[in-house]
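Structure at a glance
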Amino acid sequence: MSERLPHVEGVLSPGQVAQTAASIARMQEPDGAIPWTTGEHVDVWNHVEAAMALLVGGEVEAAEAAYDWVPRWQRADGSWPMKIVAGQVEDDRGEVNMSAYLAVGLWHHWLVRHDAAYVATLWPAVRAGLDWVVAQQLPFGGLNWTPDDQGALLAGSSSVYQSLRAGVALAELLDDPQPEWELAGGRLGHAVRHHRDLFLDKSTFSMDWYYPVLGGAVRGPAASALLASRWDDFVVPGLGIRCVDTNPWVTGAETCELVLALDAVGDHGGALRLLGDMQHLRHEDGSYWTGWVFGDDVHWPGEQTTYTAAAVLLAVDALGETYGHATPGSGIMRGTSLAPHFAEIALECGCPSPDSADRLARPS
């Protein structure tokens with residue numbers, strides 16, 4: 001089995017990929033839930049990311065147990081609670097990013113497994129979730145991050161853009177068109193490209209820097225310029241990237257997400273270097289420490305997290321296309337397998353809708 005798993009030459013072997021996937025499966029709870037770490041909370045976004053990584057690492061049964069868990073916690077309005085601990089809701093707020101991400105996971109499952117019956121089983125949960133998400137859209141195009149907390153988060157909204165493209169791809173596969181998602185996606189992509197100043201200010205966090213690229217709304221020269229604009233603020237050569245620009249703390253998950261963003265814009269060499277740099281966070285059992293405080297030279301927090309291991313595996317799968325071996329789902333973050341980018345029509349932000357010539361310049 002391991003010889004068919006993704007790998008990146010000189011960074012992680014197929015056997016090491018299998019070991020990391022097994023480290024996620026060990027932390028999975030009996031009902032299928034995947035917490036941040038043993039005894040911690042579950043949120044649907046990180047849970048789905050971990051399920052994707054389990055599939056990448058050959059843990060098919062564990063991945064499908066994780067996916068089967070998701071609809072059981074969906075509420076009548078289509079949303080999911082923000083935090084679940086040991087089968088109990090700890091934070092009942094619905095959040096757009098979390099409630100959208102099942103679409104990405106299910107499309108990834110289709111790319112890897114081509115199991116139409118499985119897709120059909122989870123499609124109602126995806127559809128209800130994305131219907132709830134697009135109902136939270138603000139006039140400028142961003143998404144109110146929860147109904148209880150006003151304002152749109154740039155990183156979260158950028159991720160939802162990818163989820164909408166995955167959702168539309170699923171809708172096409174199942175012949176169940178969702179034109180309202182396409183309309184919302186056009187407005188959302190426009191907001192991420194042109195109105196980043198209208199999102200809540202989280203600019204000290206690296207996620208707000210690279211997520212417009214990772215989510216796919218920003219591509220081409222604009223994406224390269226955006227990544228270059230704060231490179232020196234966040235990237236620590238030889239270690240990875242900071243989570244927050246003011247703190248001497250590099251984190252594995254954010255580093256691997258930047259790897260995926262770089263891969264998406266064609267900087268495979270830069271992505272490879274960063275993936276190699278963060279391997280100092282690898283534990284001997286194949287799991288990954290969350291982060292490293294340089295200067296003090298300590299792991300913090302003192303735990304291995306499923307979302308860090310998951311980000312590593314997805315990055316390995318993406319780079320495996322160039323530097324080793326990859327699964328059929330390896331382009332999920334590159335966007336090559338998603339529905340096309342959305343037209344910017346019926347904008348409500350005050351900008352004129354671009355004419356057809358301008359729309360030809362949408363990101364590819």
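That block above? That's the structure.
1. Brief notes about the overall build of the chain
Within the chain, the regular secondary structure consists of 15 helices and 11 strands. By principal-axis analysis of the C-alpha atoms, the chain measures approximately 55 × 45 × 35 Å. Burial analysis of the chain (364 residues in total) assigns 60% to the buried set. Within the chain, contacts between residues at least 6 apart in sequence are counted, and of these 66% link residues at least 24 apart.

2. Some remarks on a negative patch on the surface
A cluster of acidic residues, D131, E172, E180 and E182, forms a negative patch at the surface. Secondary-structure assignment places E180 in helix 8 (residues 179–194).

3. Digging into the packing of aromatic side chains
Per the counting criterion, the structure on display carries 11 aromatic pairs. Ring centres of F140 and F199 lie 5.0 Å apart, and the angle between their planes is 80°; this geometry places the pair in the edge-to-face category. Taken together, the positions of F140 in the loop between helix 6 (116–134) and strand 4 (144–146) and F199 in the loop between helix 8 and helix 9 (206–214) put the pair 59 residues apart, joining distant regions of the chain. Taking the centre distance of 5.2 Å and the plane angle of 15° together, the rings of W209 and F234 count as stacked. Remark: F234 occurs in helix 11 (residues 231–234) and W209 occurs in helix 9; sequence separation between them is 25 residues. Its relative accessible area of 3% is what places W209 among the buried residues. Here F234 falls in the buried class, since its relative accessible area comes to 0%.

4. Points about helix 3 (residues 60–72)
Here helix 3 spans 19 Å end to end across 13 residues, near enough to the 18 Å set by a 1.5 Å rise per residue. By the burial criterion, the buried members of helix 3 are A62, A63, E64, A66, Y67, W69 and V70. Elements that come into contact with the buried residues of helix 3 comprise helix 1 (14–27), helix 2 (44–56), strand 2 (81–85), helix 5 (102–113) and helix 6.

5. Here's the deal with helix 13 (residues 268–277)
Within helix 13, the full set of buried residues consists of G270, A271, L274 and L275. Viewed along the axis of helix 13, the buried residues span an arc of 135°, placing them on a single side of the element. In the core, the buried residues of helix 13 are packed alongside strand 1 (7–8), helix 11, strand 6 (235–236), strand 7 (240–242), helix 12 (252–264) and helix 14 (306–323).

6. Thoughts on the nonpolar core
Membership of the largest hydrophobic core comes to 119 residues, with the highest contact counts inside it found for I24, M52, W107, L258 and L275. With 11 residues, helix 14 is the single largest residue contributor to this core. Among residues more than four places away in sequence, those in contact with L258 are W209, Y210, L227, W231, V235, I241 and L274.

The rules behind each value
- Each residue is numbered by its place in its chain's sequence as written, counting from 1.
- Note on the predicted model: pLDDT of at least 70 is required for a residue's local features to be given, and 80 or more for side-chain atom pairs to be given and counted; whole-chain, interface and lining totals, by contrast, use all residues.
- Note: side-chain values were computed over all heavy atoms of the structure, leaving out hydrogens and water.
- Strands here mean DSSP runs of E at least two residues long; helices mean DSSP runs of H or I at least four residues long; both are numbered from the N terminus.
- Using a 1.4 Å probe on the protein chains alone, a residue whose accessible area is under 20% of its type maximum counts as buried, one over 50% counts as exposed, and one in between counts as partly exposed.
- Here, two residues are considered to be in contact whenever any of their heavy atoms come within 4.5 Å of each other.
- Only residues whose relative accessible area exceeds 30% and that take part in no salt bridge are eligible for patches, with like-charged residues grouped when within 9 Å of each other and nonpolar side chains (Val, Leu, Ile, Met, Phe, Trp, Tyr) grouped when within 5 Å.
- Residue-level accessible areas treat just the shown protein chains as cover; the underlying method is Shrake-Rupley with a 1.4 Å probe.
- In the sections that follow, a salt bridge refers to a side-chain nitrogen of Lys or Arg positioned within 4 Å of a carboxyl oxygen of Asp or Glu.
- Under this rule, positive means Lys or Arg and negative means Asp or Glu; His and the chain ends count for nothing.
- A charged residue contributes its charge at one atom only: NZ of Lys, CZ of Arg, CG of Asp or CD of Glu.
- Pairing of aromatic rings covers Phe, Tyr and Trp, the last through its six-membered ring, and needs centres within 6.5 Å; plane angles under 30 degrees mean stacked, over 60 mean edge-to-face, and all others mean tilted.
- Each residue after the first adds 1.5 Å to the expected span of a helix.
- Of all possible arcs, the one meant is that of the directions from the helix axis to the C-beta atoms.
- Throughout this description, the term nonpolar core refers to a set of buried Ala, Val, Leu, Ile, Met, Phe, Trp, Tyr and Cys residues connected via side-chain atoms within 4.5 Å.

Read these as spatial facts, not as claims about activity.
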